Amino acid sequence: MKNQFLCTNCAKQFPSTNHSPRCAECGEPLSFVTIQSGSINELSPLKYPFWQRYRDFYPYVNSSADVSLGEGYTPLTSLAKLADELDLDSVYVKNETINPTWSFKDRGTALGVLFALNLGYTRIGTVSTGNMAASVAAYGARANLETFILVKGDMAVEKVSPIAIYSPKLIRVFGDYGQLYDTSLKIGADNQIYFINSDVPIRVEGSKSIAFEICEQLAFNAPDYVVIPTSAGGNFRGIMKGFREFYNAGLIDSIPRPICAQSTGCAPIVKAYQQRSYAIKHFGQTSTIAHGIGNPSPPSGNAVLRLLTEYNGSAVAVSNEEIVSAQKQLAACGIFGQPASAVPLAAVKKLRQDNTIEPQATVAVIATGSGLKYTAAFEYHQLQSYETKVAELEICLKSLLS
Ligand SMILES: *Cc1c(COP(=O)(O)O)cnc(C)c1O
Ligand SMILES: [Zn+2]
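These numbers come from a predicted model, not from an experiment.

Calculation criteria
Residues numbered from 1 in each chain as written. Chains lettered and ligands numbered in written order. Predicted model: local features only at pLDDT ≥ 70, side-chain atom pairs only at ≥ 80, totals over all residues. Heavy atoms only, no water. Near = heavy atom within 4 Å. Polar contact = N/O pair within 3.5 Å; in protein donor to acceptor, adjacent residues only side chain to side chain. Nonpolar A, V, L, I, M, F, W, Y, C, P; charged D, E, K, R; others polar. Helix = DSSP H or I, 4+ residues; strand = E, 2+ residues; numbered from the N terminus. Contact = heavy atoms within 4.5 Å. Donors = N, O, S within 2.8 Å, 3.2 Å for Na, K, Ca; no water. Tetrahedral: all angles 85-135°; square planar, octahedral: opposite > 155°, others 65-115°. Buried < 20%, exposed > 50% of the residue type's maximum accessible area, 1.4 Å probe, protein only. Pairing = 2+ DSSP bridges. Axes fitted to C-alpha atoms, helices over the stretch in contact; angles between N-to-C directions.

Observations concerning the site of ligand 1
Reasoning step 1: Taken together, the neighbourhood of ligand 1 is formed by 17 residues, with Lys 105, Asn 131, Ser 231, Asn 235 and Thr 368 sitting nearest.
Reasoning step 2: Contacts to ligand 1 include Ser 231, whose backbone N or O atom sits 2.8 Å from an oxygen atom.
Reasoning step 3: Gly 233 places a polar main-chain atom, nitrogen or oxygen, 2.9 Å from an oxygen atom of ligand 1.
Reasoning step 4: When the residues that make up the shell around ligand 1 are grouped by side-chain class, the tally is five nonpolar, ten polar and two charged.

So, in structure tokens, the structure goes:
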């Protein structure tokens, strides 16, 4: 039973060895069955990966293979200054930028590799334009698996190299990128390659641990809101599934209201939400500096819409200018995230302005990936430095004292 897949829409069941991550009946994404009870194993994060500490919530992980690179267990940092500025009770940043390949993707990838090993695979793969590719390449190397990474044909060299460094079999594919998701799953099934794509059930499971950790870090007082920069929707689904499972297990007594944060240049979920529609439409041409959240046709988009309804959430889109300004603000608090990571903070500002989020609220924003992943964003900032000779250093310094 715990090893079953359940359709997120029609609740039809499938075996979790099922190759397709979609429901054969209605086409919507499948998910591992929601856990109803469990407790935390007080194993030290210094010695045990998160799936062992939370093993009651990962019953299908029964490989003891040593694949961890130290993913997860990230800080939850309280930003009092920002909370003041935004007139909020508290603002916390879940800092995913410090994962082994600098984004939250590593959580789901580690589980994906374990699951692939459980199923007897020696080959893994992914379709990605960035962080997921680097993550799967790194974990494939770590686990010594034959690793296939499919990227867009016209991907820039500076984005390819940080993936290629892990020596995967990296293929640039020209043609319809959206179609590649389905094609890869089919080719994977025929060639014994386990594809860990954006919203496959096992990757979604990885993101549960973000919620688990937030609960522990807040002494089991769940925040009122959790704000998630959303592209395919896998991370959003995982975080909400995590809160739901801790709630079911009696570890927390409320579930945060989710905010789906997107950029105005790619906002298919926000658009559907505003039109009170339950079916995502292709967004068409996208244009955003938040590359991490640039999927115009999110495979878990409808599932996110259902979760927004279930948990009384909201969805909001922010502009490039708002993203750049939030990125600067986060950095001013000591956290340098890529533009996608700044989107939730920009969203919170907006939702405070129209009072969708009330001043008494505790808000957790998810900073999903590191700023060093996308240094091109520097050009949107007016960054300052000064210059002087040693002999004149003190004069220079004095002129800068405040
Ligand atoms: C992948 C990614 C996202 C979006 O996650 P989805 O599961 O596709 O919704 C957001 N931010 C960053 C930095 C990412 O790498
Ligand atoms: Zn279904």
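Regarding the environment of Gln 327
Reasoning step 1: Examined against the element boundaries, Gln 327 turns out to sit in helix α11 (residues 320-332).
Reasoning step 2: The spatial distance from the C-alpha of Gln 327 to the C-alpha of Gly 371 is 8.8 Å, given a sequence separation of 44 residues.
Reasoning step 3: If sequence neighbours within four positions are ignored, Gln 327 has contacts with Phe 336, Gly 337, Gln 338, Pro 339, Ala 342, Ala 377 and His 381.
Reasoning step 4: Of note is the side chain of Gln 327, whose polar atom sits 2.9 Å from the backbone oxygen of Gly 337.

A few points about the coordination of the zinc ion (ligand 2)
Each angle at a metal carrying four tetrahedral donors should ideally be 109.5 degrees, and each at a metal carrying six octahedral donors should ideally be 90 or 180 degrees.
Reasoning step 1: For the zinc ion (ligand 2), the full set of protein donor atoms is Cys 7 (SG), Cys 10 (SG), Cys 23 (SG) and Cys 26 (SG), at a range of 2.3 to 2.4 Å.
Reasoning step 2: One can describe the donor arrangement at the zinc ion (ligand 2) as tetrahedral, given that its four donor atoms subtend angles of 96 to 124 degrees at the metal.
Reasoning step 3: Overall, Cys 7 belongs to the buried group, its relative accessible area being 4%.
Reasoning step 4: On the basis of relative accessible area, Cys 26 is assigned to the partly exposed category, the value being 34%.

Examining the sheet that holds strand β1 (residues 4-7)
Reasoning step 1: An order of β2-β1-β3 is seen for the three strands of this open sheet, with the pairing classed as antiparallel. One side of each edge strand has no neighbouring strand; the edge strands of this open sheet are β2 (13-15) and β3 (30-32). Each neighbouring strand pair of the sheet contributes to a mean axis angle of 40 degrees, computed without reference to strand direction.
Reasoning step 2: As paired strands, β1 and β2 are joined by three bridges and run antiparallel to one another. When the bridges of β2 are listed, Gln 4 appears paired with Pro 15.
Reasoning step 3: Set on the sheet, helix α7 (residues 201-217) makes contact with β1 and β3; between it and β3 the angle comes to about 50 degrees.

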